[in-house]
Amino acid sequence: MNGDEKDHFDVVIAGAGPAGGQCARDLAARGYDVVLLETEAEEEFPRQSNKSTAGTFPSMMTAFGVPDRLVEKFTDSVVVESPNGHYKQPQPGAVLDFVAFKQWLVEDARDHGAEVRFESRVSAPITEDGEVVGVKYAGGEEVYGDVVVDATGPSAPLAKALDVSDLHRANQAIGIDYKLEGLDLDHEDYADLHGAMMLRLDHDIAPGGYSWIFHTGGDTAKVGVCYIQNERHEELARDGMRIDDYLDYWRETDPRFADAEPVEGAHILRGSAHIQMPGRLSTDNFMAVGDTVPTIDPLWGEGIHQGMESGRAAAITADHCLTLDTPDTSADRMSVYDDLWHERVAPDMQRRLLMTELLYLVPNERYDGFIRDLNRLAPETLTSASGGRFRSIARLLELGDLRYLAKIARNRLTDPYHRWNPLS
Ligand SMILES: Cc1cc2nc3c(=O)[nH]c(=O)nc-3n(C[C@H](O)[C@H](O)[C@H](O)COP(=O)(O)OP(=O)(O)OC[C@H]3O[C@@H](n4cnc5c(N)ncnc54)[C@H](O)[C@@H]3O)c2cc1C
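As the structure is a computational prediction, the values presented were derived from the model and not from experiment.

Student: Could you give an account of the overall build of the protein chain, with specific residues and numbers?
Tutor: Summing up its helical and strand segments, the protein chain has 14 helices and 17 strands in all. Across the 424 residues of the protein chain, 58% fall into the buried class. Accessible surface computed for the protein chain: about 18300 Å², of which carbon and sulfur atoms make up 47%.

Student: So what about the side chain of Ser77? Which residues, and what values?
Tutor: Here Ser77 is to be found in strand S4 (residues 71–82). Residues within four places of Ser77 in sequence aside, it is in contact with Lys88, Gln89, Pro90, Gln91, Gly195, Ala196 and Met197.

Student: I'd love a proper account of the environment of Ala313, names of residues and values included.
Tutor: Within the element layout of this structure, Ala313 appears in helix H7 (residues 304–322). Classification of Ala313 by relative accessible area gives buried; the value is 4%. Spatially, the C-alpha atoms of Ala313 and Leu340 are 6.2 Å apart, while their sequence positions differ by 27 residues. Setting aside residues up to four positions removed in sequence, Ala313 forms contacts with Tyr337, Leu340 and Val345.

Student: Could you give an account of the environment of His86, naming the residues involved and the relevant values?
Tutor: Of note, His86 is situated in strand S5 (residues 85–96). Apart from residues lying up to four places away in sequence, His86 is in contact with Val79, Val80, Glu81, Tyr190, Ala191, Ile371 and Asn375.

Student: Account for the pattern of salt bridges, naming residues and giving values.
Tutor: Inspection of the entire model under this criterion finds 20 salt bridges. Notably, a salt bridge pairs Asp108 with Arg25, separated by 2.7 Å at the nearest N-O pair. Taken together, the positions of Asp108 in helix H3 (residues 98–111) and Arg25 in helix H1 (residues 18–29) put the pair 83 residues apart, joining distant regions of the chain. Residue Asp108 shares its accessibility class with Arg25, and that shared class is buried. Close ionic contact of Glu115 with Arg117 constitutes a salt bridge, the shortest N to O distance being 2.8 Å.

Student: Please set out the packing of aromatic side chains residue by residue, giving values where relevant.
Tutor: All told, the structure shown has eight aromatic pairs when counted by the stated rule. A centroid spacing of 6.2 Å and a plane angle of 25° characterise the contact between Phe101 and Trp104, whose relative ring orientation is stacked. Of this pair, Phe101 and Trp104 are both found in helix H3, three residues apart, which corresponds to roughly one turn of the helix. Like Trp104, Phe101 is buried. Measuring from ring centre to ring centre gives 5.1 Å for Trp250 and Phe257, while their planes differ by 80°; the resulting arrangement is edge-to-face. An aromatic cluster is present here, built from Tyr210, Trp212, Trp300 and Tyr360 joined pairwise through their rings. Just above the ring of Tyr144 sits the side chain of Lys6; from NZ or CZ to the centre is 4.5 Å. The ring of Tyr190 is capped by Arg256, whose NZ or CZ atom sits 3.6 Å from the centre of that ring.

Student: Explain the packing of H1 against H7 to me, and be specific about the residues and the numbers.
Tutor: Between two packed helices, the angle of one axis relative to the other and the distance separating the axes together describe the packing. Axis separation between H1 and H7 bottoms out at 7 Å; the angle between their running directions is 35°. Taken as a pair, H1 and H7 cross one another with a handedness that is right-handed. Every residue of H7 that contacts H1 at Pro18, Ala19, Gln22, Cys23, Arg25, Asp26 and Leu27 is listed here: Ile304, Gly307, Met308, Ser310, Gly311, Arg312, Ala314, Ala315 and Ala318. For the contact of H1 with H7, the per-class residue count stands at nine nonpolar, four polar and three charged.

Student: Before we move on, could you go through the confidence of the model for the protein chain and cite the residues and values that matter?
Tutor: Averaged over every residue, the pLDDT of the protein chain is 90; the share at 70 or more is 89%. Within the model, the stretch residues 419–424 combines pLDDT values under 50 with 15 contacts to residues more than four positions away or in other chains.

Student: Tell me about the site of the ligand, residues and numbers included.
Tutor: The local shell around the ligand holds 37 residues, among which Glu38, Lys51, Gly55, Lys102 and Asp291 are the closest. The side chain of Ser155 places a nitrogen or oxygen atom 3.4 Å from a nitrogen atom of the ligand. Taking Gly303, its main chain carries an N or O atom lying 3.0 Å from an oxygen atom of the ligand. Starting from 1000 Å² of accessible surface for the ligand in isolation, the protein chains cover 92%. Of all the secondary structure elements, the ones that give two or more residues to the shell around the ligand are H1, H3 and strand S10 (172–181). Here the residues of the shell around the ligand sort into 14 nonpolar, 16 polar and seven charged. Formed jointly, the shell around the ligand draws a minimum of three residues from each of two domains, domain 1 (8–51 + 99–167 + 277–345) and domain 2 (70–96 + 170–273).

Student: Give a description of the nonpolar core that names residues and reports values.
Tutor: Across soluble globular proteins, nonpolar side chains have a tendency to be buried as a group. With 63 residues, the main nonpolar core has Ile13, Phe286 and Tyr337 as its most contacted residues. Broken down by element, this core gets its largest block of residues, six residues, from H7. Listed in part, the 24 residues of the second largest apolar core include Val78, Cys226, Val362 and Tyr367.

Student: Tell me about the environment of Val135, residues and numbers included.
Tutor: For Val135, the location among the structural elements is in strand S8 (residues 131–137). Apart from the residues within four sequence positions on either side, Val135 is in contact with Val12, Leu37, Val122, Ala124, Pro125, Ile126, Glu141, Glu142, Val143, Val148 and Leu158.

Student: How would you explain a negative patch on the surface if you had to name every residue and give the values?
Tutor: A cluster of like negative charges, contributed by Glu181, Asp184, Asp186, Glu188, Asp189, Asp219, Asp259, Glu261 and Glu264, occupies part of the molecular surface. By the element assignment, Asp189 lies in the loop between S10 and strand S11 (196–200). The class of Asp189 is exposed, set by a relative accessible area of 56%.

Conventions adopted
Residues numbered from 1 in each chain as written. Predicted model: local features only at pLDDT ≥ 70, side-chain atom pairs only at ≥ 80, totals over all residues. Heavy atoms only, no water. Helix = DSSP H or I, 4+ residues; strand = E, 2+ residues; numbered from the N terminus. Buried < 20%, exposed > 50% of the residue type's maximum accessible area, 1.4 Å probe, protein only. Areas by Shrake-Rupley, 256 points an atom, 1.4 Å probe, with all protein chains shown as cover. Contact = heavy atoms within 4.5 Å. Salt bridge = Lys/Arg side-chain N within 4 Å of Asp/Glu carboxyl O. Phe/Tyr/Trp six-rings, centres within 6.5 Å; stacked < 30°, edge-to-face > 60°. Lys NZ or Arg CZ within 6 Å of the ring centre and 35° of its normal. Axes fitted to C-alpha atoms, helices over the stretch in contact; angles between N-to-C directions. Left-handed = near helix turned anticlockwise from the far one by under 90°. Nonpolar A, V, L, I, M, F, W, Y, C, P; charged D, E, K, R; others polar. pLDDT = per-residue confidence, 0-100. Near = heavy atom within 4 Å. Polar contact = N/O pair within 3.5 Å; in protein donor to acceptor, adjacent residues only side chain to side chain. Domains from an automatic or database assignment. Core = buried A, V, L, I, M, F, W, Y, C linked by side-chain atoms within 4.5 Å. Patch = residues over 30% accessible without salt bridge, like charges linked within 9 Å, V, L, I, M, F, W, Y side chains within 5 Å. Lys, Arg positive; Asp, Glu negative; His and termini not counted. Charge placed at Lys NZ, Arg CZ, Asp CG, Glu CD.

Here it is in structure tokens:
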């Protein structure tokens, strides 16, 4: 390249996670020149970004052509536990090998013609006349693009600098997870967790959040805890206990872990995501995808499928803007991405956020009642309530829940960070 020639691509994507990787796959497959910049080194990728339990469902596998060889364990049920009960729902699922999955996304993007640059930490946008035209990365490097996509997860260096991201610490959920062996997966006091993804609602173990056991074959499972570090967590948390202490406490007090040990080489995976309505999603020449937005489903923390959907929506938008005889990547035209996000990627986000807040606000006794109701009601109630259907949500609500709904409404009115309207 001579001094005047810029390193230029149709699309520059920062971050090779599910969202950025999928965006690169789709755009490269459509014949666009794409560069994917990833901060980690290729030899150990993914290391710090190996953060996900990676439970998913066939709908995601089919939509994105994910091969079965990336699945650690196909599951056939979802279990929801409360302190003294459980509800089991038959539902096919898959626990992915997240390392292999992330590597596959990169390989497949490359196979379609995308250029992938590792050890390329993106630090800031390059702007001209106030519009992003490229990014600075790996110290002093620069690369230019007609469209730039931030897919770096919650760090969001581009989205923050461009004032697109609206992430607030008060809405940040943290999670940890690691793989154990020697679990008693069919203990007499609990549901049979063979072939199950189990989520436990219990403030004693995850104050203001939830914990989980996802079976990964034999006597092994991925076990984790997550919660939002908000006022509610502070109210319920025990003095001085951090998230690692909660996971240790669960292991020490739950008989299913009596003989369980971390599998050889397993280390604790850590990560965070924001549980909130997004602000803006795009501007001139720019889109934010995945956990940068944030896109993760607030209720059950499913972020892989949603992240990939947002990566696809960004790819559709870039195509829509660049395919014209005279490409138009103005904010107005890029706003197609915002429409796709709200209509297809995360419809019903407001209602799901309300349900999430309600779910993590109620006390442990209410969780036992909730499980009793699920066992009593039609089998599809949980799926349909999770999908934000009003009638199913109403069936699960009790009169006593009104005081929690009132509290949420009060918080909304007094807290500027809670920008969604719970009653809409
Ligand atoms: C403990 C835990 C368990 C979870 N379990 C599940 C689950 O079971 N199922 C599920 O669907 N979801 C789960 N999630 C959520 C899911 O993992 C995320 O929502 C998903 O990974 C988000 O994808 P993403 O591509 O937006 O971001 P990320 O996965 O965060 O990927 C961002 C990428 O960008 C790179 N990067 C970061 N900064 C820079 C930079 N400055 N420059 C260049 N590259 C950068 C990172 O290294 C990474 O590769 C879990 C999350 C956690 C924390």
